[in-house]
Amino acid sequence: MINSTSNKQVKRVVSLRSKAKARREEGMYVVEGLRMCRELNPEDVDALYVTENFAGDADNRKTVTDEVMKAMADTQTPQGVLAVVRQKRYTMDDIVKPAPDGRALAIMVLETIQDPGNLGTIIRAGEGAGITGIVMNHDTADIYNPKVIRSTMGSIFRMPFVYADDLQDACLLMKNRGVRLFAAHLQGMNNYDQEDYTDNVGFLIGNEANGLTEETTSLADCLVKIPMEGKVESLNAAIAASVLM
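Notes on the structure follow. The structure presented is a predicted model; accordingly, all values stated were derived computationally and were not measured.

Rules of the game
Residues numbered from 1 in each chain as written. Predicted model: local features only at pLDDT ≥ 70, side-chain atom pairs only at ≥ 80, totals over all residues. Heavy atoms only, no water. Helix = DSSP H or I, 4+ residues; strand = E, 2+ residues; numbered from the N terminus. Rg over C-alpha atoms; globule rule 2.2 N^0.38 Å. Buried < 20%, exposed > 50% of the residue type's maximum accessible area, 1.4 Å probe, protein only. Areas by Shrake-Rupley, 256 points an atom, 1.4 Å probe, with all protein chains shown as cover. 1 Å grid on protein atoms, 1.4 Å probe; cavity = no way out; pocket = protein on both sides within 12 Å on 5 of 7 lines; lining within 4 Å. Points joined across faces, edges and corners; volume = space filled by probe spheres on them. Nonpolar A, V, L, I, M, F, W, Y, C, P; charged D, E, K, R; others polar. Pairing = 2+ DSSP bridges. Patch = residues over 30% accessible without salt bridge, like charges linked within 9 Å, V, L, I, M, F, W, Y side chains within 5 Å. Salt bridge = Lys/Arg side-chain N within 4 Å of Asp/Glu carboxyl O. Polar contact = N/O pair within 3.5 Å; in protein donor to acceptor, adjacent residues only side chain to side chain. Contact = heavy atoms within 4.5 Å. Axes fitted to C-alpha atoms, helices over the stretch in contact; angles between N-to-C directions.

### Considerations on the overall build of the chain
Scanning the chain for helices and strands turns up ten helices and eleven strands. Relative to the compact-globule value of 18 Å for 245 residues, the chain shows a C-alpha radius of gyration of 20 Å, a close match. Expressed as lengths along the three principal axes of its C-alpha atoms, the size of the chain is roughly 60 × 45 × 25 Å. Within the span of the chain, comprising 245 residues, buried residues form 46% of the whole. Accessible surface, the chain as shown: approximately 12,800 Å² in total, 45% of it carbon and sulfur.

Here it is in structure tokens:
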């Protein structure tokens, strides 16, 4: 039983939960809640912590007090189960390789999406829409941020993703592999529903406040727009991405 918030293991979990640098250095992240923990592959779990009230017969559990769980968890009312999990590693080759079932590639390309909730929503909606992978620049939010993890509702465990050192180079690689890039842009010539997405496609989504940079926009094969009624000029990045997906 771990009953002190000063315990070394507790400090480790708090660091992984709150610091992107610690997550990068360890290659670990924190998952909370019964539903999310049930979806984990046991081979990916480094440590599993449960409260005394929650404890079952799991061989790899470490029991903690409610006070300790509250200190480790990111949520205000923890469910009593928390896991330290190994991060997934993907490459651009994983993103652009042909799908095993023969379906076309559908890739989300995210430039400086900074809100964790937006990123998590895009990942979750992406799985539901059949997106095959996600490419991001390093200025995009940390995909292993606890808020992102919660927003994905488990999709994080199944969606391949890459942080590209150079997003423009990644776009050129995708284009060379036969992926046609569509940019959601206010200057789009056609509404999004007037284009053909039946082949390999990628959707470029930009920063919440500033949109896509000119450099990234210039690599798009086609600019598309989402028509608006009333006085609305644009949509939240996650909503715009969901409409396109």
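### Considering the layout of surface pockets
Volume-wise, the largest pocket comes out at about 540 Å³. Taken together, 24 residues form the lining of the largest pocket, with Ala184, His185, Leu186, Ser234 and Leu235 sitting closest to its centre. Residue assignment for the lining of the largest pocket shows that the elements contributing at least two residues are β10 (201–205), β11 (222–225) and α10 (237–244). Split into classes, the residues belonging to the lining of the largest pocket amount to 13 nonpolar, eight polar and three charged. By volume, the second largest pocket amounts to about 360 Å³. Taken together, 15 residues make up the lining of the second largest pocket; nearest its centre are Arg24, Gln87, Arg89, Phe161 and Tyr163.

### Considering the pairing of β10
Where burial is concerned, most of β10 is hidden: five out of the five residues are buried. Residues Val201, Phe203 and Ile205 line one face of β10 and the alternating positions Gly202 and Leu204 line the opposite face, and both faces are buried. Sheet topology note: the strand β8 (residues 180–184)/β10 ladder contains four bridges and is parallel. Bridge pairing links Arg180 to Val201 in β10.

### Structural notes on a nonpolar patch on the surface
The grouping of Val232, Leu235, Ile239 and Val243 at the surface amounts to a nonpolar patch, some 290 Å² of accessible area in total. Among the secondary structure elements, Val243 is positioned in helix α10. Note on Val243: relative accessible area 31%, which makes it partly exposed.

### Brief notes about the pairing of strand β2 (residues 45–51)
Buried residues dominate β2, accounting for six of its seven residues. Relative to strand β4 (residues 81–86), β2 runs antiparallel, the two sharing five bridges. When the bridges of β4 are listed, Val45 appears paired with Val85.

### As for the side chain of Asn137
Residue placement: Asn137 occurs in strand β6 (residues 133–137). Overall, Asn137 belongs to the buried group, its relative accessible area being 9%. Within polar-contact distance, the side chain of Asn137 engages the backbone nitrogen of Thr112 at 2.8 Å. There is a polar contact of 2.7 Å between the side chain of Asn137 and the side chain of Thr140. Beyond its immediate stretch of four places on either side in the chain, Asn137 contacts Leu110, Glu111, Thr112, Tyr163, Ala164 and Leu167.

### So, the side chain of Asp44
Tracing the backbone through its elements, the reader meets Asp44 in the loop between α3 (34–38) and β2. Of the residues examined, Asp44 reaches a relative accessible area of 18% and is grouped as buried. Excluding residues within four positions of it along the chain, Asp44 makes contact with Val84, Val85, Arg86 and Lys88.

### Topic: the sheet that holds strand β5 (residues 106–110)
Across the sheet, which stays open at both edges, the seven strands sit in the order β7-β6-β5-β10-β8-β11-β9 with parallel pairing between neighbours. A single partner strand is all that each edge strand has here, and the edge strands are β7 (161–164) and β9 (190–191). Bridge analysis of β6 against β7 gives four bridges, and the strand direction is parallel. Bridge pairing links Asn137 to Ala164 in β7. Most of the contacts of α10 go to β10, to which it runs at about 160 degrees, and overall it touches β5, β8, β10 and β11.

Such coordinate-based values are descriptive only and should not be taken to indicate function.
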